[in-house]
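Architecture at a glance
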Amino acid sequence: MARSHQSDKLEALLAGVVAENGLELDAVIDTKQGSMALVRVIVDAPEGQSGVDSDQLADVSRAVSKALDVADPIEGEYLLEVSTPGADRELTLPRHWRKQIGRLIRAKMRDGATLQGRLLDADEEQATLDVDGVSTTISYANVKKARPRVELNSEE
């Protein structure tokens, strides 16, 4: 999905607001929901933190709303949605990969292959997966789409 100029402007406006609340701005998506403008602000915990709790999400939501009210960058009425990326977010940036170390990852490669394995390591250029006991390094440039797999473990 191509980013809009409006999304870039909103991201520039909101990055500092989100950071002041101890979180990272993951994305700003402006779109339409029916005839109403919809602004989705996706925030995440910084690397090294486990996640975003409901109090943090409420605080950053209020701060984002206030910043948008003051700057008034959107013409007319709009809906604001502030959320976290979710457990099965697409891995598009190196930091997304690093946060998933230890989890099961499924990656569709540009050559048509599909790999699934436990993420062992990730840096700025590539990730290493344990695929059926074999350490396999993949370059992000060769990944078409990757997501963590949700694992449901039942303990008996």
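Residues numbered from 1 in each chain as written. Predicted model: local features only at pLDDT ≥ 70, side-chain atom pairs only at ≥ 80, totals over all residues. Heavy atoms only, no water.

By the naming in an unreviewed UniProt entry, the protein chain is Ribosome maturation factor RimP, taken from Schaalia canis. A UniProt comment under Function (unreviewed entry) is attached to the protein chain, and it reads "Required for maturation of 30S ribosomal subunits." (UniProt positions renumbered as here; feature names shortened; annotations may be inferred.)

Okay, the packing of aromatic side chains next. Here the structure, examined in full by the defined rule, presents 1 aromatic pair. Measuring from centroid to centroid gives 5.2 Å for Trp 97 and Tyr 140, while their planes differ by 35°, and the two rings are tilted. Residue Trp 97 is located in helix α3 (residues 94-98), and its partner Tyr 140 is located in the loop between β7 (134-139) and β8 (143-148); the two are separated by 43 residues in the primary sequence. (Phe/Tyr/Trp six-rings, centres within 6.5 Å; stacked < 30°, edge-to-face > 60°. Helix = DSSP H or I, 4+ residues; strand = E, 2+ residues; numbered from the N terminus.)

To continue, consider the side chain of Gln 100. Mapped onto the elements, Gln 100 comes out in the loop between α3 and β4 (104-109). According to the relative accessible area criterion, Gln 100 is buried, its value standing at 8%. A distance of 2.7 Å separates the side chain of Gln 100 from the side chain of Arg 103, its partner in a polar contact. Residues in contact with Gln 100, not counting those within four places in the same chain, are Leu 91, Ile 105, Leu 119 and Pro 148. (Buried < 20%, exposed > 50% of the residue type's maximum accessible area, 1.4 Å probe, protein only. Polar contact = N/O pair within 3.5 Å; in protein donor to acceptor, adjacent residues only side chain to side chain. Contact = heavy atoms within 4.5 Å.)

Take the sheet that holds strand β3 (residues 78-83) next. Spatially, 3 strands are ordered β1-β2-β3 in an open sheet, and the strand pairing comes out mixed. Of all strands in the sheet, those bounded by a partner on one side alone are β1 (24-33) and β3. The mean inter-strand angle of the sheet, taken between neighbouring strand axes irrespective of direction, is 15°. Packed onto the sheet, helix α2 (residues 54-71) meets β2 (36-44) and β3 and runs at close to 150° relative to β3. (Pairing = 2+ DSSP bridges. Axes fitted to C-alpha atoms, helices over the stretch in contact; angles between N-to-C directions.)

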